[in-house]
Amino acid sequence: MRRSKYKGLLIAISMASLECYNPTFINILPQVYKFLLYFLSFAFFFLTFRNKSIASKNVIYSIAAISVCQLISAYNAYEFNGQPLGMSVIAAMQGFAYLLLIPLTKSKLAIKDIEQIVEFFTICFLVCSVLNHLSSAPLFGSADEGVDRGATRFRLLGIYWAIFFFLMKINRYAIEGSKKDLYWIMATGLGILLSLTRQDIVVSFILGGMLYFIRTKLVKKLLFASLAAILIFFVLPHVKVVNSLIEKSMEEEAAQSQYDNIRIVAANYYTFEYPRNVQQVIFGVGVPSFGNSSYGNAFQRTQELLRVYREDVGYCGFYYNYGIIATSLLVILFVWMLFLKLPDRYVYLKYYAGAFLLLNIASAPCQNNVSIIPFMLGLYLTVKVRYESTCKKEKINS
């Protein structure tokens, strides 16, 4: 099969995971997007089945083991919590996208293909974000009337594509100094800022700043440090949105000083307090299906009563869902990407792994296909870069 067809199929899979940014002016059931996501992913597996993977066995085995743990967790939800087995499997599939790495490594998609896909979905994200802010009501996703954040917060899928592209362009600008890359950095940075999601903003800007500072020359380092200081101490204090986000953080910290931090409480609950047997510790309790089973309904009531949400504690929630083996393998993949030696042009992949590693502490991109897919693309690029480097070394040695 031609590479262009694999690329088109991957774009279609990503669009289904993003629910086409969930347009409010078209009434399409979420189940339609899920069906398309699963069907297209199966087609991707089928079409690449006979191809040889370029990934090492350790990477493939790790991904396969995570997926096996997800299946066993579905059985655990059925066996120990009485949730129907088919329903448990469907619920577990909200995080099945780790498996997409396998057909990706068999697809022979070029690095340029993946970078173009990341750029495409980032542009779509920015356009949807701008349209939301220009309209009186959200056209894509949903909105929180966030007066305490200084502006309306739009819940728009796709932020992790934007973070990926943001780091990619910073890396390229540090190497080439192209004004076009600088404009993309400014536009994407603004899009991330307008998401009004504090963790995404802080992690993206800190890692992006570190990436540029480390990769650039001394004169540019001094200039960058001076501009950053001016921005932080003289410009940002006068930006309403930034002030609102800081005030909200301070209010939450003051409120939680009298009680336990709600995220620490949630982490403790999902890691230690929730009763489970040895099999559930190893392979997870299983993903509850809200509104569809007694287990899902009981879980939902408990988290609303105690205010403990899996989405607030990424790794702990992932451990609750899929067990200690899957969680350990996931962290190992992050750390492996962080410490790899990559060519200068692709160092941003390590920073993207670092962003994902940090963001999963107090949010849950590791639990949902919509954010897992861009990370799998980053992991595939890492595998592809290493594979091409190995091939070049073998040619030189021969």
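Look up a bit, the structure's there.
Residues numbered from 1 in each chain as written. Predicted model: local features only at pLDDT ≥ 70, side-chain atom pairs only at ≥ 80, totals over all residues. Heavy atoms only, no water.

*Asks:* So what about the nonpolar core? Which residues, and what values?
*Replies:* Y98, I163 and Y348 are the most contacted members of the largest nonpolar core, which totals 92 residues. Apart from the residues within four sequence positions on either side, Y98 is in contact with I63, I66, Q70, F318, L330, C366, I372 and M376. Counting 13 residues, the second largest nonpolar core, distinct from the first, contains A77, A266, Y269 and V313. (Core = buried A, V, L, I, M, F, W, Y, C linked by side-chain atoms within 4.5 Å. Buried < 20%, exposed > 50% of the residue type's maximum accessible area, 1.4 Å probe, protein only. Contact = heavy atoms within 4.5 Å.)

*Asks:* So what about the environment of A65? Which residues, and what values?
*Replies:* Residue placement: A65 occurs in helix α3 (residues 57-81). With 264 residues separating them along the chain, A65 and L329 place their C-alpha atoms 8.2 Å apart. (Helix = DSSP H or I, 4+ residues; strand = E, 2+ residues; numbered from the N terminus.)

*Asks:* Break down helix α12 (residues 262-273) for me, citing the residues and quoting the values.
*Replies:* Taking 1.5 Å of rise per residue, the 12 residues of α12 would be expected to cover 16 Å, yet its terminal C-alpha atoms sit only 14 Å apart, more than 12% below that figure. Every buried residue of α12 is accounted for by A266, A267, Y269, Y270 and T271. In this structure, the buried residues of α12 make contact with α14 (294-306) and α15 (314-338). (Expected span 1.5 Å × (residues − 1).)

*Asks:* Describe the pattern of salt bridges, and please don't skip the residues or the numbers.
*Replies:* Scanning the entire structure with this criterion turns up five salt bridges. With a shortest N-O distance of 3.1 Å, D181 and K169 are connected by a salt bridge. Residue D181 is located in helix α8 (residues 179-194), and its partner K169 is located in helix α7 (residues 159-176); the two are separated by 12 residues in the primary sequence. Per residue, the accessibility class of D181 equals that of K169, and both read buried. (Salt bridge = Lys/Arg side-chain N within 4 Å of Asp/Glu carboxyl O.)

*Asks:* Explain the packing of α8 against helix α9 (residues 198-215) to me, using residue names and the numbers behind them.
*Replies:* Each packed pair of helices is defined by two parameters, the angle between the axes and the distance between the axes. At a minimum axis separation of 8 Å, α8 and α9 run at an interaxial angle of 150°. Classified by the interaxial angle, the pair formed by α8 and α9 is roughly antiparallel. Together, G189, I192 and L193 of α8 and D200, I201, S204 and F205 of α9 make up the contact between the two elements. A class-by-class count of the residues in the contact of α8 with α9 yields four nonpolar, two polar and one charged. (Axes fitted to C-alpha atoms, helices over the stretch in contact; angles between N-to-C directions. Parallel < 35°, antiparallel > 145°, perpendicular 65-115°, else oblique. Nonpolar A, V, L, I, M, F, W, Y, C, P; charged D, E, K, R; others polar.)

*Asks:* Lay out the packing of α3 against helix α4 (residues 85-92) with the relevant residues and their values.
*Replies:* Between α3 and α4, the least distance of the axes is 8 Å, while the angle of their chain directions is 140°. Here α3 lies oblique to α4, going by the angle between them. Classified by chirality, the crossing of α4 by α3 is right-handed. For the pair α3 and α4, the contacting residues are Q70, S73, A74, Y75, A77 and Y78 in the first and L85, S88, V89 and A92 in the second. Residues belonging to the contact of α3 with α4 are distributed by class as follows: seven nonpolar, three polar and no charged. (Left-handed = near helix turned anticlockwise from the far one by under 90°.)

*Asks:* Tell me about the state of the cysteines, and please be specific about residues and values.
*Replies:* Throughout the structure, instances matching the rule amount to zero disulfides. Free cysteine: C128, not disulfide-bonded; nearest cysteine sulfur from C124 at 6.5 Å. (Disulfide = S-S within 2.5 Å.)

*Asks:* If you had to explain the packing of aromatic side chains to someone new, which residues and values would you point to?
*Replies:* Under the defined criterion, the tally for this structure stands at 28 aromatic pairs. A centroid spacing of 6.1 Å and a plane angle of 45° characterise the contact between F164 and Y348, whose relative ring orientation is tilted. Within this pair, whereas F164 is found in helix α7, its partner Y348 is found in helix α16 (residues 348-362), the two being separated by 184 residues in sequence. With respect to burial, F164 and Y348 carry one shared label: buried. Each ring, one from F165 and one from W184, has its centre 5.6 Å from the other, and the planes form 85°; the classification is edge-to-face. Remark: W184 occurs in helix α8 and F165 occurs in helix α7; sequence separation between them is 19 residues. (Phe/Tyr/Trp six-rings, centres within 6.5 Å; stacked < 30°, edge-to-face > 60°.)

*Asks:* Now, about the side chain of R310: what can you tell me, with residues and values included?
*Replies:* When you line up the elements, R310 lands in the loop between α14 and α15. Apart from the residues lying within four places of it in its own chain, the contact partners of R310 are Q94, Y270, V287, P288, F290, F299, Q303, G317, Y320, N321, A364 and Q367.

*Asks:* Let's hear about unusual backbone geometry: which residues, and what values?
*Replies:* A positive phi angle, near 60°, is found at L196, a position not held by glycine. Summarising the element assignment, L196 is placed in the loop between α8 and α9.

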